[in-house]
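Working through the structure, step by step
Spelled out, the chains give:
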Amino acid sequence: SVIETFGDSHKVRYLDKHIKLLADGAIVSQLMMMRDGYLDGHHGEWIQSPAEMETISKIFWEKDYQLHIHVNGDKGLDEVISLIKRRQKEFPRIDHRTTIVHFANSAEDQIQTLAELGVIVSANPYYVSGFGERFGEIGLGTDRAHAMARLGPIEKAGISISLHSDMPIGPSDPLYNVWSAVTRKSSSGQALRPDLAMSLDGAMRAITIDAAYSWGMEGTLGSITKGKIANFTVLAEDPYKVAIDHVKDIEVMATVFEGKFYPVKNN
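Below: a short report on this structure. Every chain is numbered independently, its residues counted from 1 as its sequence is written. Local features in this predicted model are restricted to residues whose pLDDT is 70 or higher, and side-chain atom pairs enter the listing and the counts only when it is 80 or higher, whereas totals over whole chains, interfaces and linings include all residues. The basis for the side-chain values is all heavy atoms of the structure; hydrogens and waters are excluded.

Strands here are runs of E lasting at least two residues and helices are runs of H or I lasting at least four, both read from the DSSP assignment and numbered beginning at the N terminus. Each helix and strand counted, the protein has 10 helices and eight strands in total. Overall size of the protein, expressed as C-alpha extent along the three principal axes, is 50 × 45 × 30 Å. To sort residues, take the accessible area from a 1.4 Å probe on protein chains only and compare it with the maximum for the residue type: under 20% means buried, over 50% means exposed, and anything in between is partly exposed. Taking all 267 residues of the protein together, the buried fraction comes to 45%. Working rule for contacts: check all heavy atoms of both residues, and any pair within 4.5 Å makes them a contact. In the protein, once contacts between residues fewer than 6 apart in sequence are set aside, the share between residues at least 24 apart is 66%. Here the protein displays about 13400 Å² of accessible surface, and carbon together with sulfur accounts for 55% of that area. The positive count covers Lys and Arg only, the negative count covers Asp and Glu only, and His and the chain ends enter neither. Charged side chains are reduced to one point each, which is NZ for Lys, CZ for Arg, CG for Asp and CD for Glu. With 28 positive and 35 negative side-chain charges, the protein shows a separation of 4 Å between the mean positions of the two kinds. Only the protein chains shown count as cover for residues, with accessible areas throughout obtained via the Shrake-Rupley method and a probe of 1.4 Å.

Criterion used throughout: strands pair if DSSP finds at least two bridges between them. The three strands are arranged E6-E7-E8 in an open sheet whose pairing can be described as antiparallel. Every interior strand has two partners, whereas the edge strands, strand E6 (232-235) and strand E8 (260-263), have only one. Within the sheet, the average angular offset between the axes of one strand and its neighbour, ignoring direction, is 20°. Strand direction decides the pairing type here: strand E7 (residues 252-257) and E8, joined by four bridges, are antiparallel. Counted as the bridge partner of Thr255 is Tyr262 from E8. An axis is simply a line fitted to the C-alpha atoms; with a helix, the fit covers only the stretch in contact. Between two such axes, the angle follows the N-to-C directions and lies from 0 to 180 degrees.

This next bit is on the packing of helix H3 (residues 74-90) against helix H4 (residues 108-117). Running from N to C, H3 and H4 point in directions that differ by 30°, and their axes come no closer than 11 Å. Relative to H4, the element H3 is oriented roughly parallel. Seen from above, H3 lies across H4 with left-handed handedness. Contact residues: Asp74, Leu77, Asp78, Ile81, Ile84 and Lys85 in H3; Gln110, Thr113, Leu114 and Leu117 in H4. Any residue outside Ala, Val, Leu, Ile, Met, Phe, Trp, Tyr, Cys, Pro, Asp, Glu, Lys and Arg is labelled polar, Gly included; the first ten of those are nonpolar and the last four are charged. Looking at side-chain class alone, the contact of H3 with H4 contains five nonpolar, two polar and three charged residues. Here roughly perpendicular refers to angles of 65 to 115 degrees, roughly parallel to angles under 35, roughly antiparallel to angles over 145, and oblique to all remaining angles. Handedness of a crossing follows from how the near helix is turned relative to the far one, being left-handed for an anticlockwise turn of less than a right angle and right-handed for a clockwise one.

In terms of backbone geometry, most residues other than glycine have negative phi values and most peptide bonds are trans. The residue after Met167, namely Pro168, is reached through a cis peptide bond having omega 15°. Residue placement: Pro168 occurs in the loop between strand E5 (160-163) and helix H8 (174-183). The backbone phi angle of Ala149 is positive, close to 50°, even though this residue is not glycine. Among the structural elements, Ala149 can be located in the loop between helix H6 (142-145) and helix H7 (151-156). Given a relative accessible area of 1%, Ala149 falls into the buried group. One non-glycine residue, Glu258, lies in positive phi territory at about 50°. By secondary structure assignment, the location of Glu258 is in the loop between E7 and E8. Overall, the relative accessible area of 31% leaves Glu258 in the partly exposed class.

Backbone hydrogen bonds are what pair the strands of a sheet, in a parallel or an antiparallel way. The parallel open sheet is built from five strands, whose spatial order is E1-E2-E3-E4-E5. For this open sheet the edge positions go to strand E1 (18-22) and E5, each flanked by a neighbour on one side alone. Within this sheet the neighbouring strands show an average axis-to-axis angle of 20°, counted without direction. Where strand E2 (residues 66-71) and strand E3 (residues 99-102) come together, four bridges link them in parallel fashion. Looking at the pairing, His70 lines up with Val101 of E3. Along the sheet, H3 makes contact with E2 and E3, crossing E2 at roughly 160°.

Attention now moves to the packing of aromatic side chains. Any pair of aromatic rings gets described here by the distance separating the centres and the angle formed by the planes. Think of it this way: a Phe, Tyr or Trp ring, Trp meaning its six-membered ring, pairs with another when their centres are within 6.5 Å, and the plane angle makes it stacked under 30 degrees, edge-to-face over 60, tilted otherwise. Taken as a whole, this structure holds six aromatic pairs when the rule is applied. Between Phe60 and Tyr65, the aromatic rings sit 4.9 Å apart at their centres with planes inclined by 75°, giving edge-to-face as the arrangement. Measuring from centroid to centroid gives 5.1 Å for Tyr176 and Trp179, while their planes differ by 55°, and the two rings are tilted. In this pair, Tyr176 and Trp179 are both assigned in helix H8, three residues apart and thus about one turn of the helix distant. Side by side, Tyr176 and Trp179 carry an identical accessibility label, which is buried. One aromatic cluster is present, built from ring pairs that chain together Tyr126, Tyr127, Phe131, Phe135, Tyr176 and Trp179.

Written as C-alpha cells, this is what we have:
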C-alpha cells in the first residue's frame, strides 16, 4: 500500500485525508483557462472537467478530506471558487483548508471571495521571475503577465500563503522563492508590478510555519518549538538583516533533519 511504501513520517511521507484535483492546464504550455483568452487566439484546456471536479470534490469533501486544487487561470479559478461555494453550502465545514495550488493568474474581484471561503493559497512566485516578461510578449500581454502570483493583496486579505517551486518549473530553493515573492524581479532585473509583492515576513512564514499549516502539520513542523520535529536550516546570515536582493544568495551552512545535524560540505 501507499502507507507501507512511504510511511507517515521522514522525508517522503504519505499525508492521510488529502486529495488533489486538477482544474485547468499548465502555465508553461499556456493552457490555463483565462477569462479573456490569449493574444494569438488559442484557448486553454481543462485537465479534469468541471463536471468531473464536481463529482470528485463532493465525494472527498463529505469524507472530511483536505482538497488541494491545481489551478492556473482566472477563469479556472472562477470555476474552483464556485465549486467550493457549493461544497460549503451543501456540507458546511469549519476548518477545511482547501488549498489553491499554483495560483498563476487571478483577478482583483476574486480575492475577497477567497478570503471569505477560508482557503489557503499555495503559490509559485517563480512564475513572475521566470515567465512574466516573456508571457507579456506572448499569450497574455503585459497587464496579465506582470500581475501573475498577486500575493501582496492575498496577504493583506488575511489569506494563509505557502510558497512552492513546482520543481522543475522553478528552482527548488526556498530563499529564491522568498526573493521572487518580495521583489517580483524578472530575469532581466525588472520589478514586475511591485505593488503586488508580499512582505518579507509573510514570505518567510510561507516557507516555514504557514507551509506546515497548508499540510495540517503546524503542530509538528514549521517552527522551532519544544515538542516539534527538529527539522530546520542553518543559514550564514539572517534574512531579516540583509538587503532583500541578497536573500536568495544567503549560504546554507547545514540542515537539521529529525534532530540529526548535516553540515553542507563545500567542495
